[in-house]
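Here is how the chains run, residue by residue.
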Amino acid sequence: MNENFLRNLVFAFGPSSKEKAVKKVITQELGKVSDRISEDKFGNLVVHIKGEGPKLMVAAHLDQIGVMVTDVDKNGFLRLGEVGRIRKSFLIGQKLIFENGVEGFVYYEDKKSPWEAKEPKMENLFVDIGAEDKGTARKLVDIGTQGVYKPSFYSFRSRVTAPALDDRIGCYILAELIKGINKKKLAYDFYGVFTVQEEIGVKGAKVSSYEITPDFGIAIDVTDAGDMPETSALSLSLGKGPAIKVMDRGMIASKSVKNNLIATAEKSKIPYQLEVITAGTTDAYAMQVTKSGVETGALSISTRYIHTPGETLDLNDVLNAVKLLKKFIEK
Amino acid sequence: MANIELIEKLSNAFGVSGYEHDVRDILKREVREYADKVEVDVLGNLIALKNIQKKGHMVALNAHMDEVGLIVDYIEDDGFLRFKKVGGIDDRVLPGKRVLIGKSKIPGVIGIKAIHLQSKEDEKKAVPSKNLYIDIGAKNREEAEKIVPLSTPVVFKTKFEKISRSVYIGKAFDDRLGCAIAAELLKKDYNFPLMVLFTTKEEIGLRGAAVGTYKYTPDISITIEGTISADLPEVKDHLKCTKIKKGPVITIKDSGVITDNDLREKLISVAKRKKIPYQFKQVIAGGTDSYRIQLSKRGVKVLTVAVPVRYIHSPVSLFNIEDYDNTLKLIGEFLKIL
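Owing to the predicted nature of the structure, the values given are computational and were not obtained by experimental measurement.

Reading the values: rules and limits
Residues numbered from 1 in each chain as written. Chains lettered and ligands numbered in written order. Predicted model: local features only at pLDDT ≥ 70, side-chain atom pairs only at ≥ 80, totals over all residues. Axes fitted to C-alpha atoms, helices over the stretch in contact; angles between N-to-C directions. Helix = DSSP H or I, 4+ residues; strand = E, 2+ residues; numbered from the N terminus. Parallel < 35°, antiparallel > 145°, perpendicular 65-115°, else oblique. Contact = placed C-beta atoms within 7 Å. Nonpolar A, V, L, I, M, F, W, Y, C, P; charged D, E, K, R; others polar. Buried ≥ 20, exposed ≤ 12 C-beta atoms within 10 Å, placed from the backbone. Pairing = 2+ DSSP bridges. Left-handed = near helix turned anticlockwise from the far one by under 90°.

A short note on the packing of helix α7 (residues 255-268) of chain A against helix α9 (residues 315-329) of chain A
All names here are of chain A.
Here's step 1: Close contact between α7 and α9 brings their axes to 9 Å; oriented N to C, the two are set at 105°. In terms of their interaxial angle, α7 and α9 are classed as roughly perpendicular. Each of Asn-260, Leu-261, Thr-264, Ala-265 and Ser-268 in α7 lies in contact with α9, whose residues at this interface are Leu-324, Lys-327 and Phe-328.
Here's step 2: Split into classes, the residues belonging to the contact of α7 with α9 amount to four nonpolar, three polar and one charged.

Now the structure itself:
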């Protein structure tokens, strides 16, 4: 496990459309092994490793959910809009960091409920960045400045808790996969795509798969775990293997890819789980309906508390995901 | 300076989503002699091309021709017309309004029981649109059907009018103001290929734009809109979205896109250099054709620039001509640096 790389990915600032710092971390990591990295005109980072066989596109998204400053009032408080599906009740009481390093604390208009926020709405939240008036605040941030949960990284044995594991863990897996590719064994013409703007509508994957037109596609992303107390019935647990997607809100995985992933896991004795979920979707959703259609599946890491600052997962699932994908792309 | 005559013609024109022909005819006449080629595609989008033989990045200017309205879906025995809404309209603005129905523009009124007969409960709530009807003075279904067949589209009957030195009211400023600006900009000279796309069916799901940049795909696209201004007394400052007379509205993010960060910075620097006032859209709401265009093929760099308009999607909207002029100027100056 390359914990330092994962830590760097988590600490890189990267809400949708501002993924530059994340790209830099990945480029530096891959620079050691690959000179085939390019950026397409939409901003996706593409690693093409030529191989004999059908075109395979494996995608993981660079961006994380975040916020955008929409207003600065006369006393220097900021108002926010959401970038991706941020969960308002988890936003209150958090520290944010903005793209230029400015930090702020999120609170709410507490006139109606002074101790606990009831049904918080974005329009009732504000951020205190320590500015005493509008002029000072506007020097620090502007309308449109983006922010994210202030990053942190906690690990205990194989468990990790951090914001933005959605989908830096996917970026980690894809990068590790690329680093381990043995060209002689490669069964596909391989495209690893680190996509932009997934959280605001799976955009990068859509235009990238148009450009590449793969025969097969796989997205690597997180999915909801169901192993917490009194949570909705979901069969996915941490540490029981990567989850091979059967269905989510946006798609039913193509049988060929799904079955091939299952067969590969069985053959190589890699633990796996099957994912059937009705919430959320991934880059695979966009890839599958590109042009005349792409056989597309997805590999997920069961994750607790998605879209909060405490996203938690098990690194054994991550290692097994890399192993499974490696076997998948080899002859 | 604004071509008021064109804005007036466009505002008064009939153009419910899917029935944009009047608007399209006006625009076609307006742009024909300035374009190398004018096409109407399968979904009814009007595409005007200029300098297509020139090298360089293709720029698209686009605006939608359609407006929100109604469509007749049932006729009562006693000749009243029931309807469905086409696009987002607040039910509360419907009762008591004059409308024009279909190609022959049959006048009618959306009726409601007189206040004398309303109960205390009635007064407290809005009548849902499904309980409203249009009265065309017909004596029964047979007579009504002859004048207004089922599925006839309906627009608000609102005449374009100047109400102060710089303020105008009328209908469909969302997005006929954008149409007027795009048409005006087409008339100028450029040294890059330009495509002006007037889309259909925006109000019912950005349908025209979903195909409008497929045959010709630009590198850069500017969607020109009439956008929400809520600078009204009861609205808290951070929820006003935009304010009239504060200049063109530059979208950073709406519910569909984050506009291209680098291009937007260029646009802002042009505004600063040319001393053109501008403002940002400060509530993340609404989506525009930019959403579709951005994801055409390999992706398109998009911007959205708008004239702030009060009371959009209602029978009467209001804008300030200075905002219009500054929007025209800002986009015009921006195109010069591309």
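Some thoughts on the environment of Phe-90 of chain A
Residue and element names in this part refer to chain A.
Here's step 1: Following the sequence through the fold, Phe-90 ends up in helix α3 (residues 88-91).
Here's step 2: On the basis of neighbour count, Phe-90 is assigned to the partly exposed category, with 16 C-beta atoms found within 10 Å.
Here's step 3: Separated by 218 residues in the primary sequence, Phe-90 and Thr-308 place their C-alpha atoms 6.3 Å from one another.

Some points on the sheet that holds strand β17 (residues 312-314) of chain A
Residues and elements named next belong to chain A.
Here's step 1: Across the sheet, which stays open at both edges, the three strands sit in the order β10-β11-β17 with antiparallel pairing between neighbours. With partners counted over all chains shown, the strands left at the sheet margins are β10 (154-156) and β17, one partner each. Ignoring which end each strand starts from, the neighbouring axes of this sheet average 20° apart.
Here's step 2: The pairing of strand β11 (residues 159-161) with β17 spans three bridges and is antiparallel. The residue of β17 that forms the bridge with Val-160 is Leu-313.

A closer look at the interface of chain B and chain A
Here's step 1: Tallying the contact residues gives 15 residues for chain B and 21 residues for chain A.
Here's step 2: Tallied by class, residues from the side of chain B that touches chain A come to seven nonpolar, four polar and four charged.

Observations concerning the pairing of strand β9 (residues 146-149) of chain A
Here's step 1: Sheet analysis places strand β4 (residues 66-72) of chain A next to β9 of chain A, joined by two bridges and oriented antiparallel. Across the sheet, Val-67 of chain A pairs through a bridge with Gly-147 of chain A, a residue of β9 of chain A.

Some words on the packing of helix α1 (residues 3-11) of chain A against helix α5 (residues 165-179) of chain A
All names here are of chain A.
Here's step 1: Two numbers describe how α1 lies on α5: the axes approach to 9 Å, and their chain directions differ by 140°. Classified by the angle between their axes, α1 and α5 sit oblique to one another. As for the relative orientation of α1 and α5, their crossing is right-handed in sense. Packed against α1, whose contacting residues are Phe-5, Leu-6, Leu-9 and Val-10, the element α5 presents Leu-165, Arg-168, Cys-171 and Tyr-172 at the interface.
Here's step 2: A class-by-class count of the residues in the contact of α1 with α5 yields seven nonpolar, no polar and one charged.

Describing unusual backbone geometry
Here's step 1: The step from Asp-166 of chain A to Asp-167 of chain A runs through a cis peptide bond, and the omega angle for that step is 10°.
Here's step 2: Turning to its location among the elements, Asp-167 of chain A is positioned in helix α5.
Here's step 3: A cis amide bond links Asp-174 of chain B with the next residue in sequence, Asp-175 of chain B, at an omega value of 20°.
Here's step 4: Structurally, the position occupied by Asp-175 of chain B is in helix α5 (residues 173-186).
Here's step 5: At Thr-213 of chain A, a residue that is not glycine, the phi angle is positive and equals roughly 50°.
Here's step 6: Among the secondary structure elements, Thr-213 of chain A is positioned in the loop between α6 (203-212) and β13 (216-224).
Here's step 7: Since 12 C-beta atoms lie within 10 Å of it, Thr-213 of chain A is described here as exposed.
Here's step 8: Located in the positive-phi region is Tyr-311 of chain B, a residue other than glycine, with phi close to 65°.

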